Amino acid sequence: MLKLFKYDLNIQLRSGYWTVYGVIATIYILILVNLPVNIRDEVAIAFIFTDTSVLGLVFVGALVLLEKQQGVLQSLSVTPVKLNYYLFSKVFSLTLLSAVISSLLWIIPQWSINGYFILLSGVVLSSIVFTMFGIGFSAGAGSFNQFLARVFAGSMIFSLPVIPVFFYQKAEWLVFLPANAAIDLFIRITKGSFSSFQLLDLIVLIIWIYIMTIFAQKQFRRNNLFL
Amino acid sequence: MIGRIIFNSFKADIKFIARDPMLLMSFLAPFMLILLLRLVFPLLSDFVFVKTGFQINSYYTISAITMVSVIPMLFGMVYAFILLDENDMHILQVISVTPAGKRNFLYMRMIVPALLSFIMVLFTIVLTNPVPTEGWLRTFYISVLMAVQSPFVFLFIGSLAGNKIEGLALSKLYGIFLVAVPLGLLLHHPWNYFMFFSPLYWISWAWVTSLPGESLVYGAISMMITFGCILIFFRHFLKKQAG
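Residues numbered from 1 in each chain as written. Chains lettered and ligands numbered in written order. Predicted model: local features only at pLDDT ≥ 70, side-chain atom pairs only at ≥ 80, totals over all residues.

Student: Looking at this model, I keep getting lost on the overall build of chain B. Mind explaining?
Tutor: In terms of helices and strands, chain B carries 10 helices and 0 strands. Sequence-ordered secondary structure for chain B, helices as α and strands as β, is α-α-α-α-α-α-α-α-α-α. Computed over the C-alpha atoms, the radius of gyration of chain B is 19 Å, within 12% of the 18 Å expected from 2.2 N^0.38 for a compact globule of 243 residues. Projecting the C-alpha coordinates of chain B onto the three principal axes gives extents of approximately 65 × 35 × 35 Å. Buried residues in chain B amount to 38% of all 243 residues. Taking as baseline every contact in chain B between residues at least 6 positions apart, the subset at least 24 positions apart corresponds to 74%. (Helix = DSSP H or I, 4+ residues; strand = E, 2+ residues; numbered from the N terminus. Rg over C-alpha atoms; globule rule 2.2 N^0.38 Å. Buried ≥ 20, exposed ≤ 12 C-beta atoms within 10 Å, placed from the backbone. Contact = placed C-beta atoms within 7 Å.)

Student: I'm lost on the overall build of chain A in this one. Help?
Tutor: What chain A contains, in helices and strands, is 11 helices and 0 strands. Helices and strands appear in chain A in the N-to-C order α-α-α-α-α-α-α-α-α-α-α. Here the C-alpha radius of gyration of chain A, 18 Å, is about what a compact globule of 227 residues would show, namely 17 Å. Looking at chain A as a whole, 44% of its 227 residues qualify as buried. By sequence separation, contacts in chain A at least 24 residues apart represent 76% of the contacts at least 6 residues apart.

Student: How should the packing of helix α3 (residues 37–50) of chain A against helix α10 (residues 178–191) of chain A be read in this particular structure?
Tutor: The geometry of a pair of packed helices is captured by two quantities: the angle between their axes and the separation between those axes. All names here are of chain A. One can describe the packing of α3 onto α10 by two numbers: an axis separation of 10 Å at closest approach and a directional angle of 160 degrees. It follows that α3 is roughly antiparallel to α10 by the angle criterion. Viewed along their axes, α3 and α10 form a crossing whose handedness is right-handed. Contacts between α3 and α10 involve Asp41, Glu42, Ile45, Ile48 and Phe49 from the first element and Ala182, Ile183, Phe186 and Thr190 from the second. Residues of the contact of α3 with α10, tallied by class, amount to 6 nonpolar, 1 polar and 2 charged. (Axes fitted to C-alpha atoms, helices over the stretch in contact; angles between N-to-C directions. Parallel < 35°, antiparallel > 145°, perpendicular 65-115°, else oblique. Left-handed = near helix turned anticlockwise from the far one by under 90°. Nonpolar A, V, L, I, M, F, W, Y, C, P; charged D, E, K, R; others polar.)

Student: Please clarify how the nonpolar core should be interpreted in this entry.
Tutor: Soluble globular proteins tend to bury their nonpolar side chains together. Ile48, Phe59, Val129 and Phe186 of chain A together with Ala80 and Val153 of chain B are the most contacted members of the largest nonpolar core, which has 122 residues in total. Once you skip the residues sitting within four places of it in the chain, Val129 of chain A turns out to touch Pro178, Leu205, Trp208, Ile209 and Met212 of chain A. (Core = buried A, V, L, I, M, F, W, Y, C linked by C-beta atoms within 7 Å.)

Student: How should I be thinking about helix α3 (residues 60–88) of chain B in this particular structure?
Tutor: A turn of α-helix holds 3.6 residues, and therefore any two residues three or four places apart point the same way. Residues and elements named next belong to chain B. With 29 residues, α3 extends 42 Å between its outermost C-alpha atoms, agreeing within 8% with the 42 Å of an ideal straight helix rising 1.5 Å per residue. Burial of α3 is extensive: 21 of the 29 residues sit out of reach of the surface. Taken from the residues just after α3, His90 is the one with a positive phi, measuring 60 degrees. (Expected span 1.5 Å × (residues − 1).)

Student: What is the right way to look at the interface of chain B and chain A in this model?
Tutor: Accessible area lost upon the coming together of the parts is a frequently used measure of interface size. With 24 residues of chain B in contact, the opposing surface of chain A contributes 23 residues. Taken together, the elements giving at least two residues each to the side of chain B that touches chain A come down to α2 (21–52), α3, α7 (164–173) and α8 (175–186) of chain B. Residues belonging to the side of chain B that touches chain A are distributed by class as follows: 16 nonpolar, 2 polar and 6 charged.

Student: Help me understand the environment of Thr26 of chain A in this model?
Tutor: Mapped onto the elements of the fold, Thr26 of chain A is located in helix α2 (residues 17–33). Considered as a pair, Thr26 of chain A and Asp201 of chain A are 175 residues apart in the sequence and their alpha carbons are 29 Å apart.

Student: Would you explain the packing of helix α6 (residues 136–160) of chain B against helix α9 (residues 199–208) of chain B in this entry?
Tutor: Residues and elements named next belong to chain B. Axis separation between α6 and α9 bottoms out at 10 Å; the angle between their running directions is 170 degrees. In terms of orientation, α6 and α9 fall into the roughly antiparallel class. Contacts between α6 and α9 pair Ile142, Leu145, Met146, Gln149 and Phe152 from the former with Pro199, Leu200, Ile203, Ala206 and Trp207 from the latter. Looking at the contact of α6 with α9 residue by residue, the class counts come to 9 nonpolar, 1 polar and no charged.

Student: Sorry, what's going on with helix α11 (residues 196–222) of chain A here?
Tutor: Residues and elements named next belong to chain A. Compared with the 39 Å implied by 1.5 Å per residue over 27 residues, the 39 Å span of α11 between its first and last C-alpha is a close match. Looking only at α11, the buried set comprises Gln198, Asp201, Val204, Leu205, Trp208, Met212, Thr213, Ala216 and Phe220. Among the structural elements, α6 (83–110), α7 (116–140) and α10 are those in contact with the buried residues of α11. Just downstream of α11, Asn224 is the residue with a positive phi angle, here 55 degrees.

Student: Just checking my understanding: could you explain the confidence of the model for chain B for this structure?
Tutor: Predicted coordinates in regions of low pLDDT should not be interpreted in detail. All names here are of chain B. Overall, the predicted model of chain B reaches an average pLDDT of 81, with 91% of residues at or above 70. When the elements of chain B are averaged for pLDDT, helix α1 (residues 2–18) gives the smallest value, 68, and α6 the largest, 88. This complex was scored by the predictor with a pTM of 0.80 and an ipTM of 0.76. (pLDDT = per-residue confidence, 0-100.)

Right, here's the structure in full:
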């Protein structure tokens, strides 16, 4: 497991994910630092929610598809590596990336760690949920464009219910969806108070991790990728 | 001869596209952008105005220009990923020994997304009208400038990336060219100098400026950057494939 994790991390470093996100984080931070202080954390949340916490969703597809086409998966399936090890090594390596970048985006512009730990747990959990979701889609896709199309269609289901949250105050029942739970969690951080609702959001995200893991496993088994 | 070759490989590509849902999606994307700009944007701006008294409406031009800039990127990206998929499956080596050859193949791959994005950009501009003061000639001019961006994206991703993992990282990196549009329009002297690298920055200025002469100069600068990069990337790609 640890070796797989190192290998994944290495590939991501070499193909420039970390470099690219370093550049993007720098731009975001430059934007944030130039904003007025009172809207800074809201904008930071917007960046974190729309970009860094869901980056795994798309990026994992390229990783899995390349390994699939190069036949790495077949080779892996005759080694003692279990499917879950493979999945979680991918998920954790990408989650590490999103956690690091999100931390930079949150801590540097504000220069304080107010609400940082709740934010971090939200980022980590939602990143795991969405990366798992991406893995599930990549198993069935033949080409990368096909994967992208499916992911966009699939993530539409989760991202459309986010819109009402901004317009109506009484949209709290929607938090059973992962994206809503995450945005709810993040918005509450900007309001500055810790509430039991945030705990509920975290629990919802954990349940979604479980659902998505089963989804990814099923997809892998159905496509005979990893026996 | 060359015309027929290009036409034939275009036909093969159409078949590929019909089976490729992502390209169909990227045809839908402009419609979604139109919906977003025409329906959601006014709603959002009303909402924010009531809540905070902040007028987003005055930023309509900037957000619309940024969104229009996304369209050529989508087409370029889709074609780049087709290329990378083929590269990973070693189809390009096969094509290079057919009469079509690698060069014509690449020309076709650059012309088609440019045409597609030209049509879609023109369509989107007519429907959303980001810069209300400009006439139809400017719209046409900008569409041409924008359409040339999609071969740029195609070669940017296709020639620099070795496989699709790197391709994805590069397509993310292309975001800095996009970010240059709103930042370039908002920031003042001397900060906007940092945006000079992006052809999209020059296009956006060519779009909003009221003087036709200035607009032509800006357009020329953006074309110089774009074609220079296209030439470099094209050569790099051929060299990489040969070596």
